[in-house]
Structures are given as C-alpha cells and as structure tokens.
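If you want the building blocks of each chain, they are given just below.
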Amino acid sequence: MNKDKDKRHVISILMENEAGALSRVAGLFSARGYNIESLTVAPTNDKSLSRMTLVTRGNSDIVEQIIKQLNKLIDVVKVKNLSELEHVEREMMFIKVFADNMNACSAIKRMADIFRARIIDVKSKTFTIEITGNRGKLNAFIDALKDHTILEFVRSGSMGISRGNKILENK
C-alpha cells in the first residue's frame, strides 16, 4: 500500500474576492471526486483578495494535479501547498459541555485551564468553551472531556500560514 496515498495536504489559495470563486474551487474538487476535509476563507488585508485554506488527502501526484487545475481558475491568484513548507496551522473550536453539579463545574474549568481554553458562556448547567490549537490539541481536549456530556461542538477547520519571510502574495 502506498503511504503517500492518504497524506494530508494543507493548500493555501490567494484568490479574487468575487462572487462564485468559492464554488468554482469546490466544483473543481467535486468534478474530480476529491474530498475537501476542511475549508476556511476570509478577506485579506487587500480587500480585493481572499485567502482560502483547504485541507484534503491524497498522494503527491494527485495534489500536484489539483494545484495545477487551481492555478488555471480565473479567480485564483496564487496557490501553495503549505504541507511542503514549514508552516503554522491552527483550528478554533467552540464546545458546549453539560455540568449539572459543582464537581463537574470544577473539573470542566480545570480542564479548560490545562488546555489554555477560555470559557466564553455559562448558563444553567452548560459551559461553552473556546479553544484554539492544532487539530491534535483539539482532539485531545475532546478526549479529556469524555467523562462529561458534550452537548455539541463546532470547529473552524484549519488555517495555515508559512513560517518566516515566505508569503503568499499577488505576484
């Protein structure tokens, strides 16, 4: 079995901030039967451009083809596979946890402190917690709360940026 087959790739795309641009990128993946594991997009410091961070799995040849196809899209300005570079990657998660007694409240607060998470909302018998980190940290936080009832959670998907002076720019 080819180990490279299921390699995780973080692709950063600088694109024109135009209606339909996101659907063209998603359509490219859909048409080729490739899955998008996570997707984040937001405007950049240049209001005419957006930055998309897309996570997918596949071998290097497939991802190379995807990048070539992305570069052909009219809205795309620049594409980088961050997985090939030193980069910083983070996700954010909101998690709502049931706490029906003081022991549960104390334990959940303690766990939030250990993971450097923030309690952002407290209501009768629930805590809503915000946590940021790599996907391993977020998964570990979920696992650490296994003795409590997790009511729901939502994750942002990965965001990534290359380290040092390498930037994704319109050139």
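Residues numbered from 1 in each chain as written. Predicted model: local features only at pLDDT ≥ 70, side-chain atom pairs only at ≥ 80, totals over all residues. Heavy atoms only, no water.

### Description of the pattern of salt bridges
If the charged atoms of two oppositely charged side chains come close together, the side chains can form a pair.
Inference 1: With the rule as written, the count across this model stands at 8 salt bridges.
Inference 2: Notably, a salt bridge pairs Glu89 with Arg8, separated by 2.6 Å at the nearest N-O pair. With a gap of 81 residues between them, Glu89 in strand E5 (residues 87-98) and Arg8 in strand E1 (residues 8-16) connect regions that are remote in the sequence. This pair shows no difference in class: Glu89 is buried, exactly as Arg8 is.
Inference 3: In this structure, the salt-bridge partner of Arg57 is Glu37, at a minimum N-O distance of 2.8 Å. In this pair, Arg57 sits in strand E3 (residues 49-57) while Glu37 sits in the loop between helix H1 (21-31) and strand E2 (38-43), placing the two residues 20 residues apart along the sequence.
Inference 4: What makes Arg57 partly exposed here is its relative accessible area of 33%. (Salt bridge = Lys/Arg side-chain N within 4 Å of Asp/Glu carboxyl O. Helix = DSSP H or I, 4+ residues; strand = E, 2+ residues; numbered from the N terminus. Buried < 20%, exposed > 50% of the residue type's maximum accessible area, 1.4 Å probe, protein only.)

### Some remarks on unusual backbone geometry
Inference 1: Even without a glycine there, the phi angle at Arg116 is positive, about 55°.
Inference 2: Take Arg116: it is sitting in the loop between helix H3 (102-114) and strand E6 (118-123).
Inference 3: At Lys125, a position not held by glycine, the phi torsion is positive, near 70°.
Inference 4: Within the secondary structure layout, Lys125 lies in the loop between E6 and strand E7 (126-133).
Inference 5: Of the residues examined, Lys125 reaches a relative accessible area of 45% and is grouped as partly exposed.

### Observations concerning the packing of H1 against helix H2 (residues 60-72)
Inference 1: Packing of H1 against H2 leaves a shortest axis separation of 11 Å and a crossing angle of 145°. Regarding H1 and H2, the two cross each other, and that crossing is right-handed. Note on element contacts: H2 touches H1 through Ile66, Gln69 and Leu70, opposite Val25, Leu28 and Phe29. (Axes fitted to C-alpha atoms, helices over the stretch in contact; angles between N-to-C directions. Left-handed = near helix turned anticlockwise from the far one by under 90°. Contact = heavy atoms within 4.5 Å.)

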